[in-house]
Each structure stands twice: as C-alpha cells, then as structure tokens.
Amino acid sequence: MTVTDDPTASRAAAFAATGNPWLAGHFAPVGDERDDRDLEVTGSLPAGLRGAFLRNGPNPMFPPLGRYHLFDGDGMVHGLWLDGEGGARYANRWVRNAGLAAEEAAGHALFGGLSDFRLPPDEVFATVGPIKNTSNTHVIGHAGRILTMMEGVGPMELASDLSTIGPYDFDGALVGSMTAHPKLDPVTGELVFFGYSPVAPYLRVHAADADGALTWSTVVELPGPVMMHDFVVTETRVVIFDLPAVFDLHAMVAGQPGIFWAPERGCRIGVLARGAPGETVRWIDVDPFWVFHFLNAHDRPDGSIEVTGCRADRLNTSFGEDGMDEPVRPHLHRWRIDPAAGTVADEALDDRPTDFPRIDLRHEGRANRYGYSGHTAAWTEDAASFDGVIRWDLETATSEVHRYGDGQVCGETVHAPDLDDAAEGSGWLVNFVHDLAADRSSMVVLDAGTLDEVARVHLPRRVPFGFHGSWLPGEG
C-alpha cells in the first residue's frame, strides 16, 4: 500500500534542476511512503536474525530555497522487519515535525540550511522557531521507545509503524539538544549522551536509566561554541572531544557559513567520570584533528582509556558550498588517554579512507575485538561513496573486505547479533545496498564472521543513501 505517492517526473526534475550532487543519483530523495509485505528473498534468511533494521537519513520533501547541504534534508526512516521464518516486510516514513507541517501547508520549503541559512516567515518563526527539526541523522531504540535525532535539537519519538508521535524530552527533564550518537550501556541499559549549543552553556552531558528517566545532567564549560558530532563512553567514564570546528551564529544568521575550521583555537580531550559534576572534567591538550565518528572505547587495567575512531586532519569546510571543497579522508586511528599523567598517545591503524564505524553493541564501552566500517569506492572533491564493508580485527591488527558487487553502493553497516549465539564474532551485518544500473535497492545480510553473503531482501523501491541506523532485536 502506498500512503503518500508523488514520485512524479516533475518532482524529480525539480530536484535535478538544482544541480546539487546531493539531490541526484543514489542521493536523490524519494517521494512516497510505503508498506510492503512478502518481499522477495534471495538466499536464506537466518532463523536467529529476528528483528527490525531501521535506518534514518535526509530526504527533503521540497526542493531547497538556496544552496543545499546533505545534512539539511528532512528525516526519513526506512524499516525492514524479519520474522525469523523467512518473511520480510518494508515501510518508510518521513519524520514529521512542526516545521515540515508548515512547509506541507505552504507547498514549498520555508527554512534554509547549513549552506544557506534563512529564517522562515514571521508567522512560522513565531510557532516553530528559527530551524526545522529534521531529525534526520540516527534512529535508536531505548526504554521501549524509538527515537530519531539530529544533533542541534531534541529527539523525536516514532511509533512501531514508524509514524511520528512527536518531540521527546524525557518527561520534560531534558534541557537543550541531544547528540545523534548516544551510547547505550549494554550492562546497565543506561543511555549516555550530550547536547551542544551555539549559545552558552555550550555543552551539557546527560544519562537516562534503562526505564528512560533522566538521572544525570551536568554542564561542561567550554571556551566557545563548537560542533561536536560524536563522543565515547567507557564502563566508568565519558570522553569529550573539544575539537576546533567553531560556530559563528552571527555569520550563519547573515546567510554565510556558520561553521569553520579554526585550529588556532586549540584542541583538547576531556575525561569525566560518569555521573560526576561537569567541573571535575580533566582536560588534555592535543594537536588539532577532526573525527565525525568513533568506533568504541574502553577502560584499560592501568587506568588509561583506549579509543578507536576515524580521524581526519581537519573538518571538511563544505558547509558554505555544495559538495565537498577538497578531499578530507578519515582513516582508522587509536588514542590512548592517560588522565592521571595528562597525556595522549595516538597512532594510525590503517591508511585507507573509511568512516561510519560500528561494533557489536553488546560491547559498547567495553573491550571489543571486531569493528566494521565502510569500504570506500570513491572519496574525491565531489563525493564519497561506499561499495562494501571492512571487518577490522583489532586484536590481530588485520582486516578483511567484502564488496557488494560491481555497480553496488551502500551506506552504514549495522551489526545484528545472533539471538541464539552470544559470541562477539557471531551474528550478521545488515546494510541497504543500491544497484546503480537497476536503480533498485536490497537489504543485504552478511555473516559477520566470514563476510559471506547469506541473503538479499529485494525492496520494492530505491532507498536513498542515508546516515545511521540500528538493529532492534526481536522487533517483529
């Protein structure tokens, strides 16, 4: 059944007319919301793979007012449910918010974005505010809720059918924004997260218990506003990365780039005990670098912290332009942080460009052996794309690659544990993969241990490139 259907040639042409690479090809938005059952499957879906694969990403409903950045698009969640008996169904929904509702009523875009910020009309500003909560970056499950998020505002809650319930603020306890990369403690069920702001206080750190009640909120003082996309936690500590991607709110309101790379500002790493007041954070100065996404972190027996993530020399500064201004290629990197000594030692683990790292989340904040990240098909001035997955063995310092096939591009690989096998190396890797020639997408299932393809669920439509997703075990 098609709930909303507007995949017309005129709509596609309107997006194509922008000339923006993030609105064309496998990035191009889709115009319908669907519910499809009894999907065709090639191969055999494992019986232990029971649950839902949800993936969020930008999917603008209307062509942009001006220059468009990939981060601007309206959130759309694509869901694939597996019943453990070979059956599969698909649905997708826009994350509907007050700003998008105002645009639907007007029939066109009303808000600017990162590359071309514009305030909405006065009557919309009065009821919605200066920005639209696109909630387009991640989707997670916690305390029986499905939450979507973008890092500049608070989360949104979805129903089990992916329809939007509305903004979620932890029963009124959350002040400020919420990162799109919260960390779920696999032992306690606690969700640890932060929120940054372009106005003081610039950073708050929070935790919610397994039932969803906010139990810890503290302000961590920063010298000024910075973009802070990700962080890590260990069993006992939170590690904050105060990197020199600086906000200029006045420039942004004036329609100029509001985020810029300022290495002269300095760069530091902060270590804060979980549950402690923000003023007890221990800062360590380091040379400037940038990370969008971390793999994991854990406490070491000597009191130090080991962190793994995808490090780049700087932030790509394309917030003021369409596409990328020049290649900034992150690679897998390791930091060893000694808060007592006030030192950080770091090393490159590989020189291949990669990002979107993930682990078996049953090891979040604990020592893990395996990690997974995107294998790069291209990383140029104009675009970056993945065509497979790299499986990292951090214990043996080796890696293996699975490519999905010629003309196949993909997004972020998510680990789905085997409900019948608790070993870290067991389970499956799930990903939406797009066949460029056929212009159709599938959800591909790999054996996490061997990287062998075991099944493809053929989807009724193209799934555009997106950002982050989650596997929700047992969700039927």
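Residues numbered from 1 in each chain as written. Predicted model: local features only at pLDDT ≥ 70, side-chain atom pairs only at ≥ 80, totals over all residues. Heavy atoms only, no water.

**Q** I keep staring at the overall build of the protein and nothing clicks. Help me out?
**A** Counting its secondary structure elements, the protein contains four helices and 33 strands. Relative to the 2.2 N^0.38 estimate, which gives 23 Å for 476 residues, the radius of gyration of the protein is 21 Å and therefore close to what a compact globule would have. Considered along the principal axes of its C-alpha atoms, the protein spans approximately 60 × 55 × 45 Å. Across the 476 residues of the protein, 59% fall into the buried class. For the protein, long-range pairs separated by at least 24 residues make up 58% of all intrachain contacts whose partners lie at least 6 apart in sequence. Accessible area of the protein: about 18000 Å², with a carbon and sulfur share of 51%. When the 36 basic and 69 acidic side-chain charges of the protein are each reduced to a single mean position, those positions are 1 Å apart. (Helix = DSSP H or I, 4+ residues; strand = E, 2+ residues; numbered from the N terminus. Rg over C-alpha atoms; globule rule 2.2 N^0.38 Å. Buried < 20%, exposed > 50% of the residue type's maximum accessible area, 1.4 Å probe, protein only. Contact = heavy atoms within 4.5 Å. Areas by Shrake-Rupley, 256 points an atom, 1.4 Å probe, with all protein chains shown as cover. Lys, Arg positive; Asp, Glu negative; His and termini not counted. Charge placed at Lys NZ, Arg CZ, Asp CG, Glu CD.)

**Q** Explain the pattern of salt bridges to me, please; I cannot follow it from the model alone.
**A** Close approach of charged atoms allows side chains with opposite charge to pair. If you walk through the whole model with that rule in mind, you get 33 salt bridges. We note a salt bridge from D242 to R268, for which the minimum N-O separation is 2.8 Å. Residue D242 is found in strand β16 (residues 237–242), and its partner R268 is found in strand β19 (residues 267–273); the two are separated by 26 residues along the sequence. Comparing D242 with R268 shows no difference in burial state: the two are buried. Here the salt bridges share partners, and the residues they tie into one network are R300, D302, E306, R334, R336 and E347. (Salt bridge = Lys/Arg side-chain N within 4 Å of Asp/Glu carboxyl O.)

**Q** Looking at this model, I keep getting lost on the state of the cysteines. Mind explaining?
**A** What is meant by a disulfide is a covalent connection between two cysteines, made through their sulfur atoms. As enumerated under the stated definition, the model contains zero disulfides in all. The closest cysteine sulfur to the non-disulfide-bonded C267 is located on C310, 16 Å from its own sulfur. Residue classification places C267 among the buried positions, given a relative accessible area of 5%. Not part of a disulfide, C410 finds its nearest cysteine sulfur in C310, a span of 14 Å. (Disulfide = S-S within 2.5 Å.)

**Q** Quick question: what am I supposed to make of a nonpolar patch on the surface here?
**A** The grouping of L119, F125, V199, L249 and V253 at the surface amounts to a nonpolar patch, some 410 Å² of accessible area in total. Checked against the element boundaries, F125 lands in helix α3 (residues 122–127). Given the relative accessible area of 39%, F125 is considered partly exposed. (Patch = residues over 30% accessible without salt bridge, like charges linked within 9 Å, V, L, I, M, F, W, Y side chains within 5 Å.)

**Q** I tried to follow the environment of M252 on my own but got confused; where do I start?
**A** Mapped onto the elements, M252 comes out in helix α4 (residues 249–253). Residues M252 and S115 lie 137 residues apart in sequence; the distance between their C-alpha atoms is 8.8 Å. In contact with M252, other than residues within four places in its own chain, are L114, F117 and G258.

**Q** Which parts of the structure should I look at to understand the nonpolar core?
**A** One broad rule of soluble globular proteins: the nonpolar side chains tend to lie buried together. Core analysis: the largest hydrophobic core is formed by 49 residues, its most contacted members being F241, F289, V307 and I337. Element by element, the count of residues in this core is highest for strand β21 (residues 290–299), at five residues. Here I337 is in contact with V239, I269, V271, I284, S304, I305, V307, T343 and V344, once residues within four sequence places are set aside. The next biggest cluster of nonpolar side chains, apart from the first, holds 23 residues, and it includes V389, L429, V433 and F465. (Core = buried A, V, L, I, M, F, W, Y, C linked by side-chain atoms within 4.5 Å.)

**Q** Can you help me understand the sheet that holds β16 in this one?
**A** Sheet strands line up and pair through hydrogen bonds in the backbone, either parallel or antiparallel. Strand order in the open sheet formed by four strands is β15-β16-β19-β20, and the pairing between neighbours is antiparallel. The strands lining the two open edges of the sheet, one partner per strand, are β15 (232–233) and β20 (282–286). (Pairing = 2+ DSSP bridges.)

**Q** What is the right way to look at helix α2 (residues 98–106) in this model?
**A** Count 3.6 residues to each turn of an α-helix, and residues three or four apart come out pointing the same way. Those residues of α2 that sit buried are G99, L100, A102 and E103. For α2, the angular spread of the buried residues around the axis is 155°, confining them to a single face. Buried residues along α2 sit in contact with β6 (88–94) and α3. Regarding α2, its N-cap is N97, as a side-chain oxygen of that residue lies 3.0 Å from the backbone nitrogen of G99 further along. Immediately beyond the C-terminal end of α2, within one or two residues, lies G107, with a positive phi of roughly 85°. (Arc of directions from axis to C-beta. Polar contact = N/O pair within 3.5 Å; in protein donor to acceptor, adjacent residues only side chain to side chain.)

**Q** Teacher, can you tell me more about the sheet that holds strand β8 (residues 145–149) here?
**A** Here four strands make up an open sheet; going across it, the order is β7-β8-β9-β10 and the pairing antiparallel. Here the strands that pair on one side only, and so sit at the sheet edges, are β7 (138–142) and β10 (164–167). Within the sheet, the average angular offset between the axes of one strand and its neighbour, ignoring direction, is 30°. In terms of strand pairing, β8 meets strand β9 (residues 156–158) through three bridges, oriented antiparallel. Paired with T148 across the bridge in β9 is M156. (Axes fitted to C-alpha atoms, helices over the stretch in contact; angles between N-to-C directions.)

**Q** In this structure, what is going on with unusual backbone geometry? I would like to understand it.
**A** A cis geometry characterises the amide bond from A200 onward to P201, with omega recorded as -5°. Looking at where P201 falls in the secondary structure, it is placed in the loop between β12 (191–196) and β13 (203–208). Its identity as a non-glycine residue notwithstanding, D38 has a phi of 55°, on the positive side. Assignment of secondary structure puts D38 in the loop between β2 (32–36) and β3 (41–43). On the accessibility criterion, D38 (74% relative accessible area) is exposed.

**Q** Which parts of the structure should I look at to understand the packing of aromatic side chains?
**A** The geometry of two aromatic rings is summed up by the distance between their centres and the angle between their planes. Per the stated rule, a full pass over the model turns up 18 aromatic pairs. Each ring, one from Y168 and one from F170, has its centre 4.8 Å from the other, and the planes form 55°; the classification is tilted. A relative accessible area of 9% means that Y168 is categorised as buried. Residue class for F170 comes out buried when judged on its relative accessible area of 3%. Centroid distance F241 to F289: 6.4 Å. Interplanar angle 75°. Geometry classified as edge-to-face. Taken together, the residues span a long stretch of sequence, with F241 in strand β16 and F289 in the loop between β20 and β21 at a distance of 48 residues. Each of the two residues, F241 as well as F289, counts as buried. Put simply, the rings of W22, F27, F356, F386 and F465 pair up and form one aromatic cluster. Taking NZ or CZ as reference, R89 lies 4.3 Å from the ring centre of W81, over its face. Here the guanidinium or amino end of R268 rests over the ring plane of W283, the centre of that ring lying 3.7 Å away. (Phe/Tyr/Trp six-rings, centres within 6.5 Å; stacked < 30°, edge-to-face > 60°. Lys NZ or Arg CZ within 6 Å of the ring centre and 35° of its normal.)

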